[in-house]
Amino acid sequence: MLTLLLASAAGNMAYAEDASEAHPITAPWAEDPYPSTYKPETVAPVAITNATILTAAGPAIGSGTLLIENNKIRAVGANIEVPDGWQVIDASGQWVTPGIIDAHSHAGTAAVPGVEDGLNEMTGPNTAEMFAEFSLWPQSPVYPRLRNAGVTTIQVLPGSANIFGGRTAILKMVPSTTIQGMKFPGAKYGLKMVCGENPTRVYGAQNRAPMGRSGLMAMMRKYFADAAKYVEDWTGYADKLADENIDSDAAAPARDFQLDSIAGGITGDVRINTHCYRAEDMTNVLITAKEYNVKVSSFHHAIEAYKIMGTLKETDTCIAGWGPDWGGFKMEAYDFSSLSIPMLSEAGVCVAVTSDSDETGQHLNIDAARSLAAGQRAGLDVNEEDAIRWITYYPAKILGLEKETGTLEVGKMADVVIWSANPFSSYAHPEKVFIDGVEVFDRSDASAAPLSDYEITPSDKGDTQ
Amino acid sequence: MSLVKPLIAACLASIALVPVSIAETTAITNAHILTMGPDGEIQNGTIVFDQDKIISIGTRLRIPSDAKVIDAHGQVVMPGFIMTGTSLGISNLPSYGSLDDSSTNNPYVTAAYDVRYALNPDDPQIVVAKSEGVTGALVTPDLWTGSAADPRMFAGTSTSVALAEDEDMILRTSAGIVMVAGTSGASKVGGGRPSEIALFRSALKEARSYTKSRKRELSRSATSLGLSPLDLEALARVADRKEPLLVDVHNATDILNMIDIAKAEGIDLVLLGANEGWTVADQIAAANIPVIVDPEVNVPGDLSSKYTTNENAARLIAAGVKVGFKAVHGRPFWYIRSPRSVVGRLVGYTDLSYGDALIALTIHGAEIAGIADQTGSLEEGKRADIVIWDGDPLEAMSHPAYVFINGREQNITTRGELLGKRYLEIARKDGVLR
């Protein structure tokens with residue numbers, strides 16, 4: 001809504017009509033201060049043939065072909081000719097899917113190597129100015145394990161103690177010595193927000209606000225109002241620059257890194273990911289956000305999402321949930337249901353199965369299979385073509401990247417997994433994994449699955465699975 | 001598949017219409033029986049049982065005229081899974097101290113913290129576990145995870161249970177005293193592995209002298225170790241080999257140290273976790289020590305468990321070690337589910353064979369839990385803890401069609417399914433769903 005006046009990350013538009021005289025200022029909330037340095041290498045084109053292909057964008061293709069060229073998908077379908085001179089991978093009896101995307105991960109921080117890094121910055125209920133990427137460790141042994149398990153993109157979120165937790169990091173699972181070398185090029189930042197029991201438990205115990213849900217929502221509303229004012233101030237400043245001229249002496253509003261992150265939720269430059277369990281909590285957040293035009297892109301964990309499917313549809317809010325049996329570990333998670341994911345799916349809500357765990361993140365296909373089975377047992381109209389979207393297309397949509405990745409469609413990034421069998425079988429495992437068309441894992445070639453630096457040892461005992 | 005659906009329908013119908021427990025004899029016919037015992041695998045088999053024991057098992061059996069007959073349509077019938085190492089039934093809501101009995105922060109109750117008194121048969125998670133084909137468990141206490149001002153190394157005493165409704169769950173009390181050793185253990189006693197080992201051996205010594213002395217006086221040394229009379233009595237069971245010590249330990253050197261100490265002290269060990277166990281598998285096998293493996297963990301947690309891998313179970317079993325499976329790592333305290341589909345994933349992905357996976361999940365699990373005389377395999381005279389599957393028991397999408405515990409059919413519709421169905425109806429009425 002402000003893109004005409006202030007440059008947004010998406011358009012980088014100038015405020016003046018004549019570009020040569022333009023002095024575009026980038027809106028502070030749209031800045032990407034630490035851009036990705038990842039560029040996929042150039043590789044020879046490759047064709048995967050005779051595979052059962054789940055594209056996540058339509059019906060399954062039996063005995064299909066997938067063509068990868070210039071890091072992108074060039075063609076996918078049943079009757080596709082392989083151009084002369086291409087490398088051909090015969091995937092007879094095997095299955096092909098988009099790379100798995102985990103919209104809720106903490107991989108690369110905290111647990112390894114037994115050192116808490118403080119990604120859960122429990123020093124105040126608003127740390128919206130924090131960027132998760134500075135707590136991440138590129139040599140984490142979790143990254144190669146995720147890659148070898150067919151995971152091609154993850155969103156790493158700050159912890160859940162704070163109402164405003166900080167910016168998320170969206171990473172491609174490519175090997176790199178820097179986090180910038182893994183960041184998804186051009187991805188908008190996410191902001192982690194939290195409602196419910198975690199902030200009230202952490203800060204209530206310190207006799208600080210928020211001690212209860214009412215205090216929490218009051219604080220959330222205050223920062224939403226501040227962010228709305230911040231957007232107004234910066235918009236007014238840009239207006240003034242546009243009305244006057246190059247030499248305008250209008251003073252820029254004070255920069256506030258916390259409000260940058262929240263304001264982005266109003267302008268659409270930052271995607272808000274809210275950790276929230278209960279139906280009334282999610283509803284309360286939505287009505288509070290609406291007052292200041294804050295867009296909540298997704299609720300995470302969202303144990304009771306199945307109780308408010310109509311609201312989620314109306315507000316176009318995605319759910320980053322869990323497989324069938326995560327829950328019961330605290331009061332707000334008591335009403336977990338194995339039917340939540342398939343019910344949301346049948347209702348047409350954007351719904352992802354996510355991990356929140358370094359280990360579970362390696363088998364989201366199994367968690368999705370278990371949710372699918374629960375739904376089918378209850379007579380819901382869900383199938384494998386739906387279930388693959390829970391771990392590819394919908395998580396891409398939660399990250400705002402569904403046009404770049406998450407399905408096997410022509411022109412998209414070639415993030416692809418070849419599975420030994422139907423990926424919803426316990427016995428399926430990745431045979432090959434491609435990120436941007438580059439083969440990053442090959443089960444038949446151990447050297448293609450390198451250990452992280454951390455695991456290099458003279459004893460040579462390590463395993464990457 | 002056409003055979004599966006009527007089976008499920010029959011199952012749901014029976015849940016809806018028939019009270020769960022009726023004293024009766026049941027016969028399952030036309031079954032692909034994996035007995036996990038001396039009778040091996042039986043095609044087209046029949047198994048007859050009542051609410052006391054398995055009466056007969058085999059082919060061409062005489063079925064009592066009053067028996068309720070269930071046609072398994074050739075599906076797999078096998079003993080229920082035994083989950084070794086879980087807080088199922090004792091940690092209702094782990095974030096809330098008052099509702100969580102999986103551990104205590106009271107420094108005067110350590111080895112004597114007996115989870116038999118914490119069991120809540122009404123915990124909805126128990127039905128979730130049954131819906132995954134689990135019928136028994138070794139329920140283990142956790143060492144307090146909060147800030148420990150008082151050094152301690154024993155979490156308490158375990159109990160082995162059947163996940164039965166309407167009857168006593170306990171199959172065996174004093175099923176193992178849990179001790180946390182290695183890096184975590186050292187941190188709980190003020191730092192340094194040698195410190196914990198010295199304290200542990202002192203504790204055993206105190207337990208022996210306390211129970212042998214007629215006066216049963218608590219020595220100053222025992223008091224300084226934070227051990228109460230009940231703790232010493234509990235530890236004496238370990239010292240007298242009446243109960244194993246379940247040691248939570250991961251590092252290879254720490255494992256070898258515990259094996260040496262167990263030998264010197266003459267006590268029985270079970271290793272809990274043992275993430276680096278495979279690197280010393282031959283020594284573990286030679287000492288005849290079972291291992292409870294986490295089937296999911298494969299990320300090196302710190303420098304003392306650097307060689308953590310999903311191959312752990314396969315390599316231990318190949319060396320001749322008896323292995324059981326615990327609730328998975330992803331959420332050790334609250335992610336309470338059967339390890340079944342995660343174990344299934346290890347088959348093919350690692351060197352774990354299908355047969356060894358099922359053995360670990362049934363009879364070896366029961367042996368580690370100390371209840372193999374009662375359950376863990378289908379044998380005449382044993383309890384009828386039986387699952388009829390609607391497909392391959394290790395497949396992610398399979399589900400039990402029937403679960404029997406001690407011959408009684410169990411409800412396997414979870415609280416979450418009931419809630420889901422309630423909101424399904426509302427969504428259909430509101431037009432959100434067709």
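See the structure printed just above.
Residues numbered from 1 in each chain as written. Chains lettered and ligands numbered in written order. Predicted model: local features only at pLDDT ≥ 70, side-chain atom pairs only at ≥ 80, totals over all residues. Heavy atoms only, no water.

Caption draft 1: Expanded view of the pairing of strand S10 (residues 189-194) of chain A. Residue and element names in this part refer to chain A. Counting buried residues in S10 gives six out of six residues, a clear majority hidden from the surface. Covered by surrounding structure in S10 are Tyr189, Leu191 and Met193 together with Gly190, Lys192 and Val194, the residues of both alternating faces. Taken together, the six bridges between S10 and strand S11 (residues 270-276) define a ladder with parallel strand orientation. Paired with Val194 across the strands is His275, a residue of S11. (Buried < 20%, exposed > 50% of the residue type's maximum accessible area, 1.4 Å probe, protein only. Helix = DSSP H or I, 4+ residues; strand = E, 2+ residues; numbered from the N terminus. Pairing = 2+ DSSP bridges.)

Caption draft 2: Highlighting the sheet that holds strand S14 (residues 351-353) of chain A. All names here are of chain A. Strands sit in the order S8-S10-S11-S12-S13-S14 across an open sheet of six strands; the sheet is mixed. Two strands close off the open sheet at either side, each with one partner strand: strand S8 (164-167) and S14. Within the sheet, the average angular offset between the axes of one strand and its neighbour, ignoring direction, is 20 degrees. One ladder, built from three bridges, connects strand S13 (residues 318-321) with S14; its direction is parallel. Counterpart to Ala320 in the pairing with S14 is Ala352. (Axes fitted to C-alpha atoms, helices over the stretch in contact; angles between N-to-C directions.)

Caption draft 3: Up close: the layout of surface pockets. Residues and elements named next belong to chain B. The space that makes up the second largest pocket amounts to roughly 480 Å³. In terms of lining, the second largest pocket is formed by 26 residues, of which the most central are Asp268, Leu269, Asn288, Ile289 and Pro290. Here the residues of the lining of the second largest pocket sort into 15 nonpolar, three polar and eight charged. (1 Å grid on protein atoms, 1.4 Å probe; cavity = no way out; pocket = protein on both sides within 12 Å on 5 of 7 lines; lining within 4 Å. Points joined across faces, edges and corners; volume = space filled by probe spheres on them. Nonpolar A, V, L, I, M, F, W, Y, C, P; charged D, E, K, R; others polar.)

Caption draft 4: Examining the packing of aromatic side chains more closely. Summed over all chains, the structure comprises 18 aromatic pairs over all chains. Taking the centre distance of 5.1 Å and the plane angle of 85 degrees together, the rings of Phe131 of chain A and Tyr189 of chain A count as edge-to-face. Within this pair, whereas Phe131 of chain A is found in the loop between strand S6 (100-105) and helix H1 (142-148), its partner Tyr189 of chain A is found in strand S10, the two being separated by 58 residues in sequence. Of the two residues examined, Phe131 of chain A and Tyr189 of chain A, each falls in the buried class. With a centroid separation of 5.3 Å and 70 degrees between ring planes, the pair formed by Trp137 of chain A and Tyr454 of chain A is classed as edge-to-face. Of this pair, Trp137 of chain A sits in the loop between S6 and H1 while Tyr454 of chain A sits in the segment after strand S17 (438-442), and the two are 317 residues apart along the sequence. Its guanidinium or amino end placed over the ring of Tyr223 of chain A, Lys222 of chain A lies 4.6 Å from that ring's centre, counting from NZ or CZ. We note Arg345 of chain B situated over the ring of Tyr349 of chain B; from NZ or CZ to the ring centre the distance is 4.8 Å. (Phe/Tyr/Trp six-rings, centres within 6.5 Å; stacked < 30°, edge-to-face > 60°. Lys NZ or Arg CZ within 6 Å of the ring centre and 35° of its normal.)

Caption draft 5: Up close: the nonpolar core. Within the largest apolar cluster, 117 residues are counted, with the highest numbers of intra-cluster contacts made by Phe164, Leu171, Phe299 and Trp390 of chain A. Beyond its immediate stretch of four places on either side in the chain, Trp390 of chain A contacts Ile341, Pro342, Ser345, Val351, Ala352, Val353, Ala368, Ser371, Leu372, Val382 and Pro395 of chain A. Within the second largest apolar cluster, 102 residues are counted, among which are Met169, Val189, Ala234 and Val238 of chain B. (Core = buried A, V, L, I, M, F, W, Y, C linked by side-chain atoms within 4.5 Å. Contact = heavy atoms within 4.5 Å.)

Caption draft 6: Seen up close, the packing of helix H3 (residues 213-243) of chain A against helix H5 (residues 279-291) of chain A. All names here are of chain A. In contact at an axis separation of 9 Å, H3 and H5 are set at 25 degrees when each is read in the N-to-C sense. For the element pair H3 / H5, the angle class is roughly parallel. Viewed along their axes, H3 and H5 form a crossing whose handedness is right-handed. The residues of H5 that touch H3, namely those facing Arg213, Met217, Met220, Arg221 and Phe224, are Asp281, Asn284, Val285, Thr288, Ala289 and Glu291. (Parallel < 35°, antiparallel > 145°, perpendicular 65-115°, else oblique. Left-handed = near helix turned anticlockwise from the far one by under 90°.)

Caption draft 7: How the structure looks around the state of the cysteines. All names here are of chain A. Using the criterion set out here, one finds two disulfides over all chains in the structure. One disulfide bridge connects Cys195 with Cys276, the sulfur atoms lying 1.9 Å from each other. Residues Cys195 and Cys276 are joined by a disulfide whose S-S torsion is about 105 degrees; by sign, that bridge is right-handed. Note that Cys195 is positioned in the loop between S10 and helix H2 (197-204) and Cys276 in strand S11, a separation of 81 residues in sequence. Covalent S-S linkage joins Cys318 and Cys350, the inter-sulfur distance amounting to 2.2 Å. Judged by the torsion about the S-S bond (100 degrees), the Cys318/Cys350 disulfide is right-handed. Of this pair, Cys318 sits in strand S13 while Cys350 sits in the loop between helix H7 (340-346) and S14, and the two are 32 residues apart along the sequence. Accessibility classification places Cys318 together with Cys350 in one group, the buried group. The connectivity of the disulfides in chain A is 1-2, 3-4, where the numbers refer to bonded cysteines in sequence order. (Disulfide = S-S within 2.5 Å.)

Caption draft 8: Fine view of the sheet that holds strand S9 (residues 159-162) of chain B. All names here are of chain B. Overall, mixed pairing links the four strands, which are arranged S6-S7-S9-S10 in an open sheet. With one partner strand each, in any of the chains shown, strand S6 (81-86) and strand S10 (170-172) form the two edges of the open sheet. For this sheet the average axis-to-axis angle between neighbouring strands, irrespective of direction, equals 30 degrees. Relative to strand S7 (residues 134-139), S6 runs parallel, the two sharing five bridges. Each residue of the ladder has a partner; that of Met83, found in S7, is Ala137.

By themselves, these figures tell us nothing about what the structure is for.
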